[in-house]
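In case you want the letters, here they are:
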Amino acid sequence: MSLLTDLLNLNLSDSTEKIIAEYIWVGGSGLDLRSKARTLGGPVSDPAKLPKWNYDGSSTNQAPGEDSEVILYPQAIFRDPFRRGNNILVMCDAYTPAGEPIPTNKRHAAAKIFSHPEVAAEEPWYGLEQEYTLLQKDVKWPLGWPVGGFPGPQGPYYCGVGVDKAFGRDIVDAHYKACLYAGINISGINGEVMPGQWEFQVGPSVGISAGDELWVARYILERITEIAGVVLSLDPKPIEGDWNGAGAHTNYSTKSMRHEGGYEIIKKAIEKLGKRHKEHIAAYGEGNERRLTGRHETANIDTFKWGVANRGASIRVGRDTEKEGKGYFEDRRPASNMDPYVVTSMIAETTILWKH
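Since this is a predicted model, take the numbers as computed values, not measurements.

Peer 1: Quick one: what's the story with the overall build of the protein, residue by residue and with numbers?
Peer 2: Check the secondary structure of the protein and you find 10 helices and 13 strands. For the protein, the spread of C-alpha atoms along the principal axes amounts to about 60 × 55 × 45 Å. A burial count over the protein gives 51% of its 356 residues as buried. Intrachain contacts of the protein at a sequence separation of at least 6 include 65% that bridge at least 24 residues. Element-wise, carbon and sulfur atoms account for 52% of the exposed surface of the protein, whose accessible area totals about 16,300 Å².

Peer 1: I'd like a description of the UniProt feature "domain: GS beta-grasp" (unreviewed entry) in the protein, backed by residues and values.
Peer 2: In the UniProt entry, the feature "domain: GS beta-grasp" (unreviewed entry) is given for residues 19–99. Helix makes up 0% of residues 19–99 and strand 48%, and the two end C-alpha atoms of the span are 28 Å apart.

Peer 1: How would you sum up the UniProt feature "domain: GS catalytic" (unreviewed entry) in the protein? Please name residues and give values.
Peer 2: Annotation from UniProt places "domain: GS catalytic" (unreviewed entry) at residues 106–356. Taken end to end, residues 106–356 comprises 38% helix and 18% strand; its first and last C-alpha atoms sit 25 Å apart.

Peer 1: With reference to specific residues and values, describe the pairing of strand β5 (residues 88–95).
Peer 2: Counting buried positions along β5 gives eight out of eight residues, so the element sits mostly inside the fold. Burial along β5 is two-sided: Ile88, Val90, Cys92 and Ala94 and Leu89, Met91, Asp93 and Tyr95, pointing in opposite directions, are all buried. Bridge analysis of strand β1 (residues 19–26) against β5 gives four bridges, and the strand direction is parallel. Bridge pairing links Ala21 to Ile88 in β5. As judged from the eight bridges shared by strand β4 (residues 69–79) and β5, these two strands associate in the antiparallel manner. Residue pairing for β5: Ala76 is matched across the bridge by Met91.

Peer 1: A description of the sheet that holds strand β3 (residues 53–56) should follow, citing residues and the corresponding values.
Peer 2: If you walk across this open sheet you meet the five strands as β2-β1-β5-β4-β3, and the pairing is mixed. Edge positions in the sheet fall to β2 (33–40) and β3, since each of these pairs with one other strand and no more. Looking at each pair of strands side by side, their axes are set apart by 40° on average, direction ignored.

Peer 1: How would you sum up helix α2 (residues 107–115)? Please name residues and give values.
Peer 2: The set of residues buried in α2 consists of Arg107, Ala110, Ile113 and Phe114. Down the axis of α2, the buried set is contained in an arc of 120°. They therefore lie on one face. In this structure, α2 carries Lys112 and Ser115 as exposed residues pointing more than 90 degrees from its buried face. Buried positions along α2 lie against β4, β5, α3 (117–122), β6 (125–136), α5 (208–228) and α10 (340–353).

Peer 1: How would you summarise the packing of aromatic side chains if you had to cite specific residues and measurements?
Peer 2: Counted by the stated rule, this structure contains 12 aromatic pairs. With a centroid separation of 6.3 Å and an interplanar angle of 10°, the aromatic rings of Phe150 and Trp243 are classed as stacked. In this pair, Phe150 is assigned in the loop between β6 and α4 (169–182) and Trp243 in the loop between β9 (230–233) and β10 (250–253), connecting sequence segments 93 residues apart. Aromatic rings pair up to connect Phe114, Tyr126, Tyr252 and Phe329 into one cluster. For the cation-ring pair, Arg218 lies above Trp215, with the distance from its terminal atom to the ring centre recorded as 4.7 Å.

Peer 1: Provide a residue-level description of the nonpolar core, including the pertinent values.
Peer 2: Ranked by internal contacts, the top residues of the largest apolar core, which has 59 residues, are Tyr132, Ile184, Ile220 and Phe329. For this core, the element with the highest residue contribution is α5, accounting for nine residues. Residues contacting Ile220, with those up to four places away along its chain left out, are Pro81, Phe82, Leu89, His175, Ala178, Cys179, Ala182 and Ile184. Tyr23, Val70, Val90 and Ala94 belong to the second largest nonpolar core, which has 17 residues in total.

The rules behind the values
- Residues numbered from 1 in each chain as written.
- Predicted model: local features only at pLDDT ≥ 70, side-chain atom pairs only at ≥ 80, totals over all residues.
- Heavy atoms only, no water.
- Helix = DSSP H or I, 4+ residues; strand = E, 2+ residues; numbered from the N terminus.
- Buried < 20%, exposed > 50% of the residue type's maximum accessible area, 1.4 Å probe, protein only.
- Contact = heavy atoms within 4.5 Å.
- Areas by Shrake-Rupley, 256 points an atom, 1.4 Å probe, with all protein chains shown as cover.
- UniProt positions renumbered as here; feature names shortened; annotations may be inferred.
- Pairing = 2+ DSSP bridges.
- Axes fitted to C-alpha atoms, helices over the stretch in contact; angles between N-to-C directions.
- Arc of directions from axis to C-beta.
- Phe/Tyr/Trp six-rings, centres within 6.5 Å; stacked < 30°, edge-to-face > 60°.
- Lys NZ or Arg CZ within 6 Å of the ring centre and 35° of its normal.
- Core = buried A, V, L, I, M, F, W, Y, C linked by side-chain atoms within 4.5 Å.

Here's what the structure looks like:
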């Protein structure tokens, strides 16, 4: 008799050319991920060859009940680490039947910025550091914390090892491998300062692909925590008090910054970011004011400052970049729940296109 796992692990290519495509999109909150699957006649590697699809937007807070159809446009394809074989994950964005991007479709505007000739010529690279917290399912309290109580103070947990310091490593490692399998440019993982909190990094990725890859990496993580019976939180300050918040530090460089004389370009870009500090903060994630307090490796939300190797700054420049006179910088302001399409495209727009 077949076990459920045997059926889940069936290799479809033994018996059919057909494949399963899981279409993924961002829901009405701007943070919730939704997905559904369909059968295709055979393997597909080009998103342009995939059919558009639709869903009931009234059930995701993205359309009214009397006109509920929202259309999915496939944008990026990844290998499916859950179904494996030739099956795929498809990152989509959402449009009205008339072809207008719906309000929660942040990818459309980002793609416009990234396809601007001045931006494309600069080949913007991104390295996104996604911090997140794993919570116990029924009590919504961090993994490894005593229910209703607290662990020992921060110090031993950052990159820590051992049963009393690292909670949820199996989830983190499963996610790391699944992302590599999927074709996501995941570049590393580490345990974070607060116990039960972890980080993965995506990049270097160019332009719009940074947003696609981070959203699909989040999707894969959400699916793995579903299997593990653990809740994924992207709240920027999941526990009040003397505990680190969760951010999505965004490392950035342009072709000019990576070449000789790049440090001067970096300083000009940082100056521009300072002049648009308020606009960036408004777009960098919900609840960020609880995290950006000037404590726990953050700069205060109302102040803009930059420095070399300063983790209490809004923008940090690495020692290597200063020494070599070229390289990249890190925007430390984005919250863990930021939309990568918004953040990456806004940084490109401010530093490359905005004339002040």
